[in-house]
Amino acid sequence: MLSAQKMEKFAELAVTIGANMQKGQEVVIRCDVNCQDFAHIIAKKAYELGAKQVLMQWRDEQLSRMSMLYADTETLCDIPDYSIQQLQYFIDHKCCLISISAGDPNIYKGCDAEKLAKVNVASSKAMAEFRKATMSNYLRWTIVSVPTAGWAKQVFPDDPVEVAIDKMWDSIASIMRLNEADPVEAWRKHIATLHRRADFLNAHNFKYLHLTSANGTDLKVGLAKDHLWLAAEEEGQDGLKFTANMPTEEIFTAPHKDHVDGIVKNALPLVNNGNIIDNFSITFKDGKVTDFTAEKGYDALKGLLSTDEGVLHLGEIALLGKNSPIAQSGILFYNTLFDENASCHLAFGKAYPTTVRNGNDKTKEELAEMGVNDSLQHVDFMVGTKDINIKGVQYDGTETVLFEDGEWVI
Ligand code: ZN
Ligand code: ZN
């Protein structure tokens with residue numbers, strides 16, 4: 001367990017550096033019922049810092065599992081109006097959002113993958129407006145994580161659950177820089193380093209990046225026209241900064257949806273909807289997935305890749321070195337928030353409109369013209385092996401080495 005003092009600092013990070021809550025603002029905490037203790041610490045901190053009102057959006061993964069097992073597909077795909085209206089309220093009131101992501105990676109084990117994929121599409125469709133509000137930075141939002149029993153047991157299966165939870169807290173404390181004398185100041189410094197590298201990448205305006213690894217990855221990822229490399233802090237549409245992912249180590253941008261060619265293999269398992277997909281390879285031609293294999297979770301990967309046309313194209317490329325605290329921990333968290341910060345990654349599906357210049361002012365057609373992908377999905381998968389080499393190639397052919405043996409050289 002963390003000390004009460006560190007726990008409070010953690011909550012403060014989420015409210016300030018994360019969501020950048022303003023005095024008088026409404027705050028929504030979105031989490032599973034098993035995270036209620038930490039949710040209450042965040043709620044108290046938000047009120048102390050001047051929240052107008054704290055609202056809770058509870059989830060219940062145990063119930064979600066039961067529904068997936070017992071309710072029929074048609075019923076589950078009929079998303080209740082009130083849940084959409086609730087999300088609309090959050091948009092209309094310009095709430096800032098704090099999500100606690102701590103799901104049991106095995107929660108849907110044994111459930112029908114096809115049913116799960118269908119329900120996932122239905123709920124993604126129902127949430128389209130809300131998704132737009134967060135992905136376009138209309139709302140400020142952040143995601144943090146705390147250990148839960150199911151999650152800790154997956155990460156440390158050989159330990160009794162209490163020990164597993166303690167180990168999780170230890171690693172989360174160091175990853176979140178809670179052991180520093182002043183965690184808020186430590187985060188500001190970390191954010192400055194990431195922004196220096198993003199500025200370097202933006203100044204070079206690369207045409208494409210070339211990724212190679214000993215595992216067989218050999219992929220050229222074209223970048224969208226007027227792409228922007230972003231890191232850590234993003235700017236909300238109202239001009240206020242926020243940090244969407246905590247932790248965050250990545251610097252990311254939009255690939256060109258039609259200019260990705262070659263083969264890529266995963267470096268870490270992909271956990272999607274409670275399914276674990278591993279030892280997979282994806283072949284791209286002219287931006288589109290033309291072939292895929294998976295030694296584990298093939299059906300889940302197939303389900304994911306049949307969501308819509310856009311999921312067959314890339315929506316994100318993100319770079320981070322093997323010396324990041326999460327990679328150093330050597331722990332596989334089975335949680336995207338952490339694992340995506342352990343390794344360079346790509347994402348199937350929708351690109352963030354903010355990753356191209358003036359992206360939020362562009363129409364759908366204009367974004368597509370620039371190469372910005374659209375889909376109901378946005379699913380990260382890790383490709384950054386410890387030996388990955390990455391070079392950037394500019395429009396005039398000039399090459400710049402960015403990564404050698406899994407780490408930044410700029
Ligand atoms: Zn990412
Ligand atoms: Zn992503």
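Data block above holds the structure.
(A) Representation of the coordination of the zinc ion (ligand 2). Taken together, the protein donors to the zinc ion (ligand 2) comprise Glu316 (OE), His378 (NE2), Asp380 (OD) and Asp380 (OD), at separations of 2.0 to 2.6 Å. Here the zinc ion (ligand 2) is ringed by four donor atoms whose angles at the metal span 53 to 133°, and the overall shape comes out irregular. The motif formed by the donor residues of the zinc ion (ligand 2), counted along the single chain, is E-x61-H-x1-D. Taken as a pair, the zinc ion (ligand 2) and the zinc ion (ligand 1) lie 3.4 Å from each other and share Glu316 as a ligand. Placement of the pair is Glu316 in strand β15 (residues 314-319) and His378 in strand β17 (residues 378-382), with a sequence separation of 62 residues. Relative accessible area serves as the criterion here: at 16%, His378 is assigned to the buried category.

(B) Geometry of empty space enclosed by the protein. Scanning the model with the defined rule gives three cavities of 30 Å³ or more in all. Roughly 110 Å³ of volume is contained in the largest cavity. Surrounding the largest cavity, 13 residues form its lining, Ala117, Asn272, Asn273, Ala300 and Leu304 being those nearest its centre. Where the lining of the largest cavity is concerned, the elements lending two or more residues are α6 (113-126) and α11 (298-304). Of the residues forming the lining of the largest cavity, the biggest block, five residues, is contributed by α6. For the lining of the largest cavity, the residue count by class is six nonpolar, seven polar and no charged. The computed volume of the second largest cavity comes to approximately 60 Å³. For the second largest cavity, the full set of lining residues is Pro269, Leu270, Val271, Tyr334, Asn335, Thr336, Asp339, Asp380, Phe381 and Met382. Among the secondary structure elements, those contributing two or more residues to the lining of the second largest cavity are β12 (270-272), α13 (336-339) and β17. Top element by residues in the lining of the second largest cavity is β17. It accounts for three residues.

(C) Structural context of the sheet that holds β15. The antiparallel open sheet is built from five strands, whose spatial order is β7-β10-β15-β16-β17. Taken across any chain shown, the strands that pair with only one partner, and hence form the sheet edges, are β7 (230-231) and β17. Inspection of the sheet shows strand β10 (residues 251-253) paired to β15 by three bridges, in the antiparallel sense. The residue of β15 that forms the bridge with Phe252 is Ala318. Across the face of the sheet, helix α10 (residues 183-204) comes into contact with β7, β10 and β15 while running at roughly 35° to β10.

(D) Spotlight on the pattern of salt bridges. Applying the stated criterion across every chain yields a total of 15 salt bridges. Put simply, Glu48 and Lys44 hold a salt bridge, and the shortest N to O gap is 3.0 Å. Taken together, the residues Glu48 and Lys44, both in helix α2 (residues 36-48) and four residues apart, mark about one turn of the helix. On the basis of relative accessible area, Glu48 is assigned to the partly exposed category, the value being 46%. Salt bridges sharing common partners tie together Glu8, Lys44, Lys45 and Glu48.

(E) Structural detail: the packing of helix α3 (residues 61-70) against α6. Running from N to C, α3 and α6 point in directions that differ by 115°, and their axes come no closer than 10 Å. Taken as a pair, α3 and α6 cross one another with a handedness that is right-handed. For the pair formed by α3 and α6, the contact residues are Ser67, Met68 and Leu69 on the first element and Lys115, Leu116 and Val119 on the second. Counted by class, the contact of α3 with α6 contains four nonpolar, one polar and one charged residues.

(F) Broad picture of the sheet that holds strand β2 (residues 53-59). With parallel pairing, the four strands of this open sheet are ordered in space as β2-β1-β3-β4. Only two strands of the sheet have a single neighbouring strand rather than two, namely β2 and β4 (141-144). Neighbour to neighbour, the strand axes of the sheet diverge by 20° on average, direction disregarded. Note: strand β3 (residues 96-100) against β4, four bridges, orientation parallel. Paired with Leu97 across the strands is Trp141, a residue of β4.

(G) Structural view of the coordination of the zinc ion (ligand 1). At the metal site, the zinc ion (ligand 1) is ligated by Glu250 (OE), Glu316 (OE), Glu340 (OE) and His345 (NE2), and these contacts range over 1.9 to 2.7 Å. One chain supplies every donor to the zinc ion (ligand 1), and in sequence these donors are spaced E-x65-E-x23-E-x4-H.

(H) Layout of the nonpolar core. One finds Ile100, Leu209, Leu301 and Leu319 to be the most contacted residues of the largest nonpolar core, which totals 96 residues. If sequence neighbours within four positions are ignored, Leu209 has contacts with Leu219, Lys220, Val221, Leu223, Trp229, Ile317, Leu319, Ile390, Lys391, Gly392 and Leu402. One finds Leu87, Phe90, Cys95 and Ala133 within the second-largest nonpolar core, a separate group that totals 13 residues.

(I) Structural context of a negative patch on the surface. Among the surface-exposed residues, Asp72, Glu74, Asp78 and Asp81 lie close enough to one another that they form a single negatively charged patch. Relative to the assigned elements, Asp72 resides in the loop between α3 and α4 (73-77).

Calculation criteria
- Residues numbered from 1 in each chain as written.
- Chains lettered and ligands numbered in written order.
- Predicted model: local features only at pLDDT ≥ 70, side-chain atom pairs only at ≥ 80, totals over all residues.
- Heavy atoms only, no water.
- Donors = N, O, S within 2.8 Å, 3.2 Å for Na, K, Ca; no water.
- Tetrahedral: all angles 85-135°; square planar, octahedral: opposite > 155°, others 65-115°.
- Helix = DSSP H or I, 4+ residues; strand = E, 2+ residues; numbered from the N terminus.
- Buried < 20%, exposed > 50% of the residue type's maximum accessible area, 1.4 Å probe, protein only.
- 1 Å grid on protein atoms, 1.4 Å probe; cavity = no way out; pocket = protein on both sides within 12 Å on 5 of 7 lines; lining within 4 Å.
- Points joined across faces, edges and corners; volume = space filled by probe spheres on them.
- Nonpolar A, V, L, I, M, F, W, Y, C, P; charged D, E, K, R; others polar.
- Pairing = 2+ DSSP bridges.
- Contact = heavy atoms within 4.5 Å.
- Axes fitted to C-alpha atoms, helices over the stretch in contact; angles between N-to-C directions.
- Salt bridge = Lys/Arg side-chain N within 4 Å of Asp/Glu carboxyl O.
- Left-handed = near helix turned anticlockwise from the far one by under 90°.
- Core = buried A, V, L, I, M, F, W, Y, C linked by side-chain atoms within 4.5 Å.
- Patch = residues over 30% accessible without salt bridge, like charges linked within 9 Å, V, L, I, M, F, W, Y side chains within 5 Å.
- Areas by Shrake-Rupley, 256 points an atom, 1.4 Å probe, with all protein chains shown as cover.
- Lys, Arg positive; Asp, Glu negative; His and termini not counted.
- Charge placed at Lys NZ, Arg CZ, Asp CG, Glu CD.

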